[in-house]
Structure formats: C-alpha cells, structure tokens
Amino acid sequence: MIGIIGIVIIFAMVFGGYILAGGKMGLILKALPFEMIMIGGAAVGAFVISNDMSGIKHTLKDMGKVFKGTKWKSDDYRDLLCLLFELIRIARSNPVALEVHIEEPEDSEVFARYPKILGDKEAVALICDTLRSASMNYDDPHQVEEVLEKRIEATFHHSMHGTHALQTVADGLPALGIVAAVLGVIKTMGSIDQPPEVLGKMIGGALVGTFLGVFLAYGLVGPFAGKVKTVVEEDAHFYQLIREVLVANLYQHAPNICIEVGRQNTPGHCRPSFTDLEEALKATKRDAA
C-alpha cells in the first residue's frame, strides 16, 4: 500500500507542479506514446539481453516486493524461535526422534505447526541440514558457523539479483532518454522550413524523451530497486537468526539460552518481548506434551 501511495505522490507532485506552472499536458501526451516505445522498448530489450530467463523471472517476481514489503513479520520471528526451541529440545532428549523431523520435514508434526516457515524451502533446508550435521558429530561450532555464513551469503547474493538488474536499467534510462531526444531533434531538423510554432512543438516533443528517461530512472525504476534491496536485506535477518540459534546450540547452551540469543539478534522492530516469547514457549511445551 505504501508503495502505491509513493507512486501517486510522485505523479501528483511532478505533473501537478508542471500544470500549476502553466505547462500544457497536451504536448507531453502527444509525444508520450512514441517516446515510451523508444525508451521503454530499448530499456526492456537491454534488460532481456543482460539477463537469462531465470533472472528475468526473478526480477519480475521481486518487483512485487515493492508493494508487499518484507515476507517475514514479527509473528514469524516468534514462530521461528518456537520451532527451533522445540527441535533443540527433541535433539537433546531423543536424538533418534529428531531424525523423523529433519529427514522428512513436510511430514513432521513439529514443522506442520508453522506452515509459513515450512513453505520456505531455504529456511527448512538450513535448519534440517545443520541439525543433521550436528547429529553426524560435525559439531565444531566455528566450522558450522563458517559453513552457515557462506551458505547464507550465497543465498543473499542470489536474492539481490533483482535489485541489481533494476538498478542497471535505472542507470541506463537517462541515456536512452537522450537517444530519443536526439532522434526528435533529427526529425525537427528535417522540418526546419516549418514556421516557429510548428518547430517549437516538435522541439518540445523531442525534449519529452529526455524528461521521460530521467523521470523513469529516478522517479520509478531507481526507487523500485532501492525498495527491493531493503526488503531482501530485511528478510535476510530471518536466516541469520537460524544460524545464531543453531550455533548457540552447538555450544551446548541450554535451549532457553539458545532461544534468547536468537531473540536478542532479531531486528528491533520484529523482536518479540521476553514475556511474549516466554508465553509462546510455554504454549509450545504444552502442545508437545
């Protein structure tokens, strides 16, 4: 919703200010379709050239994040801590029973209580692979932490593809606007024998290309890239939290301490209070009993 409000403000302020200053929209609207074909078409073509099909789909999907915002909310972080708490308790009390949950998480009654987390393949794989490694005596906290860091970094790098692709398009749009403007000037020079009022409109139409390229770059595509980057960075905290809790578990801290480490490493605006988390953990114990 906030993204739509931002777009409305941009259009209202730019074109509203232009109209209030005495500008005429007719000239812009007349030239807009042709300029958009040249600038927008060239930008799309350049985007297709610089990305494979997977990258194109990834970027188009990421554009939805501008309006949806972050995937993981405060309740999701609380649920994650409760899930990890339950799995750690099972691992400490009955390692054999843990295998059922980490080998087939889609059939696990523990994971089933948290369907949103279960639906994220990377989060589930990160949890299960780490707990499986610990059960295989690969329990050096420093090694595990390094492996998890590299894995999370690789996932983050892949997730940033959309913002990089959008920013590349934004960087090229002003130049494409100049290309369209130059073509408009060439067209105008071919009609140099026309009266001044006709030439004035033709030059104005040519300048719409420069305006459109800059406007799209800094008013829309650039902010889209920035928003996608912010959302990806925010969502990355979710996987970092998994790492912090599971590494704390390898240090053989008590389950409650492991979860408190995770709570302290949760982003401030999503961090559950100590009391709320304590109540959630008590409810988890009751459900497991």
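Before going into details, it helps to say that this report is about the structure given with it. For clarity, every value in this text was computed on a predicted model and none was experimentally measured.

### Remarks on the packing of aromatic side chains
- Considering all chains together, one arrives at nine aromatic pairs under this definition.
- Centroid distance Tyr77 to Phe238: 5.4 Å. Interplanar angle 70°. Geometry classified as edge-to-face. Of this pair, Tyr77 sits in helix α5 (residues 74-93) while Phe238 is found in helix α12 (residues 196-250), placing the two residues 161 residues apart along the sequence. There is no split in this pair, since Tyr77 and Phe238 are both buried.
- An aromatic cluster of at least three residues, connected via ring pairs, comprises Phe11, Phe15, Phe211 and Phe215.

### Here's the deal with the packing of α12 against helix α13 (residues 255-264)
- Two elements in contact, α12 and α13, have axes whose closest approach is 8 Å; the angle formed by their N-to-C orientations is 155°. Judged on the interaxial angle alone, α13 and α12 are roughly antiparallel. When you trace α12 past α13, the crossing you get is right-handed. Contact residues: α12 offers Leu241, Glu244, Val245, Ala248 and Asn249, while α13 offers Cys258, Ile259, Val261, Gly262 and Arg263.
- When grouped by side-chain class, the residues that make up the contact of α12 with α13 number six nonpolar, two polar and two charged.

### Brief notes about helix α3 (residues 53-62)
- For α3, the set of buried residues is Gly55, Ile56, His58, Thr59 and Asp62. Angularly, the buried residues of α3 cover 165° about the axis, an arc narrow enough to put them on a single face. Residues of α3 that are exposed and point more than 90 degrees away from the buried face comprise Met53, Lys57, Leu60 and Lys61.
- Looking at the buried positions of α3, the neighbouring elements they touch are α2 (25-49), α4 (65-68), α10 (141-159), α11 (161-189) and α12.

### Overview of the pattern of salt bridges
- Summed over the entire model, instances satisfying the criterion amount to 14 salt bridges.
- A salt bridge links Arg78 to Asp79; the shortest N-O distance between them is 3.7 Å.
- Judged by relative accessible area, which is 29%, Arg78 ranks as partly exposed.
- Looking at Asp79, the relative accessible area reads 21%, which means it is partly exposed.
- With its nearest N and O atoms 2.5 Å apart, the salt bridge here joins Arg243 to Glu244.
- Given a relative accessible area of 11%, Arg243 falls into the buried group.
- Connected via shared salt-bridge partners are Glu103, Glu122, Asp129, Arg132 and Arg151.

About the cut-offs
Residues numbered from 1 in each chain as written. Predicted model: local features only at pLDDT ≥ 70, side-chain atom pairs only at ≥ 80, totals over all residues. Heavy atoms only, no water. Phe/Tyr/Trp six-rings, centres within 6.5 Å; stacked < 30°, edge-to-face > 60°. Helix = DSSP H or I, 4+ residues; strand = E, 2+ residues; numbered from the N terminus. Buried < 20%, exposed > 50% of the residue type's maximum accessible area, 1.4 Å probe, protein only. Axes fitted to C-alpha atoms, helices over the stretch in contact; angles between N-to-C directions. Parallel < 35°, antiparallel > 145°, perpendicular 65-115°, else oblique. Left-handed = near helix turned anticlockwise from the far one by under 90°. Contact = heavy atoms within 4.5 Å. Nonpolar A, V, L, I, M, F, W, Y, C, P; charged D, E, K, R; others polar. Arc of directions from axis to C-beta. Salt bridge = Lys/Arg side-chain N within 4 Å of Asp/Glu carboxyl O.

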